[in-house]
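Fold and geometry: a report
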Amino acid sequence: MTLKNTADRWGAVSQSLHWLVVLLIATIAVIGLTMTDMSNGPSKIKIYALHKSLGLTLLTLVVLRLLWRIYAGAPKPVEGTPHWQERIASLTHWALYVLMFALPISGWVFNSSSGYPLQYFGLFNLPKIAPRGEDLAQLSHQVHEYGFWLLLALVVAHAGAAFYHHLFQHDDTLKRMLPGGRRNVRASGDVGAAPVPADLLPSASATSEHSHAD
Ligand code: HEM
Ligand code: HEM
């Protein structure tokens, strides 16, 4: 597999960043949803600090991911995808990017405007990015909380669409975001882009059997 994205699949860098970000967001979300109900004490302080440090790690990864996405581009839409589906998928992807920035930044603004300190895994301090103030703290808290539920709703729709493509459309949408695996020649976007010499093709019927089995 190549590092860079090709016309028909995501490369190793985009794949790794995608799944690392999924894991990280799931961990941060579980911590975020449980930590607020903990009773005050040293464990609560530690778990809040972990939530924030992981959130800042996510922010860094999303910056890298966006830069890589701009540099490496994206594969072509899987062949046969209606235009409206392409539009919705692309809008969802950009909305996910916006939320992946909005969540850690609103968390950081909330932390700053509430006057809490911020350390990265106890290694160094980070500056305040907003002035102290009750109104701003309330607003950023709301963005953080409702933003999270919006992210969750979009992720459910996004993952649902990926499984729908895989299970019912039998195309490469999910496979091309996963390492390895042979691609489905019939459904892939650049079939015409890489012609196979006629003498390497076994026969017309064997070729179509291969794409069904894939
Ligand atoms: C993708 C990254 C993040 C996600 C998904 C996330 C998610 C959450 C969730 C679900 C909550 C619980 C909301 C509530 O019920 O109040 C929460 C709370 C919180 N988050 Fe984050 N968070 C992220 C990043 C950050 C960052 C980077 C910071 C700070 C630098 C931060 C600071 C906080 C704080 C202080 C709270 C507690 C709010 C309270 O005590 O009511 N979060 N976060
Ligand atoms: C926190 C959760 C997730 C986020 C934030 C997220 C975000 C994204 C984004 C932004 C893209 C567009 C690619 C890019 O521009 O980098 C993408 C693509 C993709 N995601 Fe996710 N994703 C998440 C979870 C999932 C899950 C759970 C699945 C499947 C089970 C999934 C399957 C895919 C697939 C198959 C693609 C490629 C779509 C295509 O080639 O058109 N994602 N994801």
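If you check an unreviewed UniProt entry, the chain appears there as Cytochrome B561 from Lysobacter capsici AZ78. Regarding the chain, the UniProt comment filed under Sequence similarities (unreviewed entry) reads as follows: "Belongs to the cytochrome b561 family."

Taken together, 21 residues are adjacent to ligand 1, and G32, K52, G55, P104 and G107 come closest. Of all the secondary-structure elements, those providing two or more residues to the shell around ligand 1 are α1 (12-35), α2 (42-72), α3 (83-113) and α4 (134-169). Examining the composition of the shell around ligand 1, we find that six residues originate from one element, α3, more than from any other. Split by residue class, the shell around ligand 1 holds twelve nonpolar, seven polar and two charged.

You can see R9 is positioned in the segment before α1. When the C-alpha positions of R9 and M177 are compared, they lie 7.0 Å apart, and in sequence the two are 168 residues distant.

This part covers the packing of α3 against α4. Two measures define how a pair of helices packs: the angle their axes make with one another and the distance between the axes. The geometry of α3 relative to α4 is characterised by a closest axis approach of 8 Å and an angle of 150 degrees between their N-to-C directions. Taken together, the axes of α3 and α4 lie roughly antiparallel to each other. Read as a crossing pair, α3 and α4 show a hand that is left-handed. Within the contact of α3 with α4, the residues separate by chemical class into 17 nonpolar, nine polar and no charged.

Next up on the list: unusual backbone geometry. Negative phi characterises most residues that are not glycine, and trans characterises most peptide bonds. Phi angles above zero are rare outside glycine, and F121 is one such case at about 45 degrees. One can find F121 in the loop between β1 (119-120) and β2 (124-125). With 12 C-beta atoms packed within 10 Å, F121 lands in the exposed category.

A few words on the environment of F101. Among the secondary structure elements, F101 is positioned in helix α3. The class for F101 is partly exposed, based on 14 C-beta atoms found within 10 Å. Sequence-wise, F101 and T60 are 41 residues apart; in three dimensions their C-alpha atoms are separated by 9.6 Å.

Inspection of the region around ligand 2 gives 21 residues, with I25, H93, A159, A162 and M177 positioned closest. Mapped onto the shell around ligand 2, the elements with two or more residues apiece are α1, α3 and α4. For the shell around ligand 2, the class distribution of residues is 14 nonpolar, five polar and two charged.

Rules used throughout
- Residues numbered from 1 in each chain as written.
- Chains lettered and ligands numbered in written order.
- Predicted model: local features only at pLDDT ≥ 70, side-chain atom pairs only at ≥ 80, totals over all residues.
- UniProt positions renumbered as here; feature names shortened; annotations may be inferred.
- Near = placed C-beta within 6 Å.
- Helix = DSSP H or I, 4+ residues; strand = E, 2+ residues; numbered from the N terminus.
- Nonpolar A, V, L, I, M, F, W, Y, C, P; charged D, E, K, R; others polar.
- Axes fitted to C-alpha atoms, helices over the stretch in contact; angles between N-to-C directions.
- Parallel < 35°, antiparallel > 145°, perpendicular 65-115°, else oblique.
- Left-handed = near helix turned anticlockwise from the far one by under 90°.
- Buried ≥ 20, exposed ≤ 12 C-beta atoms within 10 Å, placed from the backbone.

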